[in-house]
Amino acid sequence: MGSEFVWLWVATEPENRQILALLFFANKSKERNMFVSERFISGLVKIHGIHPVSTDGEGTWYPMACRFLNLDHHIHSSLEKSLIERKMQYIKDRTESFDDYFPCRIKNCKLKHVRNWLRLFVDYHNNEIKHIK
């Protein structure tokens, strides 16, 4: 992707480990901020209703977005944080493999193929999680 950064925001359900949502966007800056966080969290609220938001404590943008949306926010325990990190590494490993085998060579690509692949990945992952239990 050259000099572009691609951010992947992931929300998971802690009990059944399903992926609730992914927000994927390319941005020439390194910024993650309250506005993107608010957009992501408000999208979750529209679909899943109002729930407390738990984060790893790494970004100041989550508490700010939660205050703006009048949502409870808390920071994960170290066990919860390690489970989240494991899930994120799982997703990163799969997406890196996808890029290795299907690199985009299109100039000014809008990454539609990556978004489609991520949707397919989430569907497959959530279906597999249902059958494991």
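These remarks concern the structure in this document. A quick note: this is a predicted structure, and the numbers were derived from the prediction, not measured.

Rules used in this analysis
Residues numbered from 1 in each chain as written. Predicted model: local features only at pLDDT ≥ 70, side-chain atom pairs only at ≥ 80, totals over all residues. Heavy atoms only, no water. Phe/Tyr/Trp six-rings, centres within 6.5 Å; stacked < 30°, edge-to-face > 60°. Helix = DSSP H or I, 4+ residues; strand = E, 2+ residues; numbered from the N terminus. Buried < 20%, exposed > 50% of the residue type's maximum accessible area, 1.4 Å probe, protein only. Core = buried A, V, L, I, M, F, W, Y, C linked by side-chain atoms within 4.5 Å. Contact = heavy atoms within 4.5 Å. Arc of directions from axis to C-beta. Polar contact = N/O pair within 3.5 Å; in protein donor to acceptor, adjacent residues only side chain to side chain.

What follows concerns the packing of aromatic side chains. Across all of its chains, the model carries 5 aromatic pairs by this definition. Seen in terms of ring centroids, Tyr90 and Phe121 are 5.8 Å apart; in terms of plane orientation they differ by 40°. Their pairing is tilted. In this pair, Tyr90 is assigned in helix H3 (residues 78–101) and Phe121 in helix H4 (residues 112–132), connecting sequence segments 31 residues apart. Residue classification places Phe121 among the buried residues on the basis of a relative accessible area of 7%. Taken together, Trp9, Phe40, Trp61 and Tyr62 form an aromatic cluster joined through their ring pairs.

Core analysis: the biggest nonpolar cluster contains 17 residues, and Trp9, Leu23, Phe25, Phe40 and Ile41 have the highest contact counts within it. Going through the elements one at a time, strand S1 (5–12), strand S2 (19–27), helix H1 (34–48) and helix H2 (61–69) are the ones with two or more residues in this core. Ranked by the residues each element gives to this core, the list is headed by H1, at 5 residues. If near-sequence neighbours (up to four positions away) are discounted, Phe40 is found in contact with Trp9, Val10, Ala11, Ala21, Leu22 and Leu23. Counting residues in each nonpolar core, the second largest holds 5 residues, with Phe98, Leu111, Val114 and Leu118 among its members.

Along H2, the residues classified as buried are Trp61, Tyr62, Ala65 and Cys66. Down the axis of H2, the buried side of the element spans an arc of 130°, and every buried residue falls inside it. What points out from H2, more than 90 degrees from its buried face, is the exposed set Arg67 and Phe68. One or two positions beyond H2, positive phi appears at Asn70, with a value near 55°.

Next up on the list: the side chain of His76. Here His76 lies in the loop between strand S4 (73–75) and H3. Overall, the relative accessible area of 16% leaves His76 in the buried class. Within the structure, the side chain of His76 is placed 3.3 Å from the backbone oxygen of Ser54, a separation counted as a polar contact. Aside from chain neighbours lying at most four places away, what touches His76 is Ser54, Thr55, Asp56, Lys81 and Ile84.

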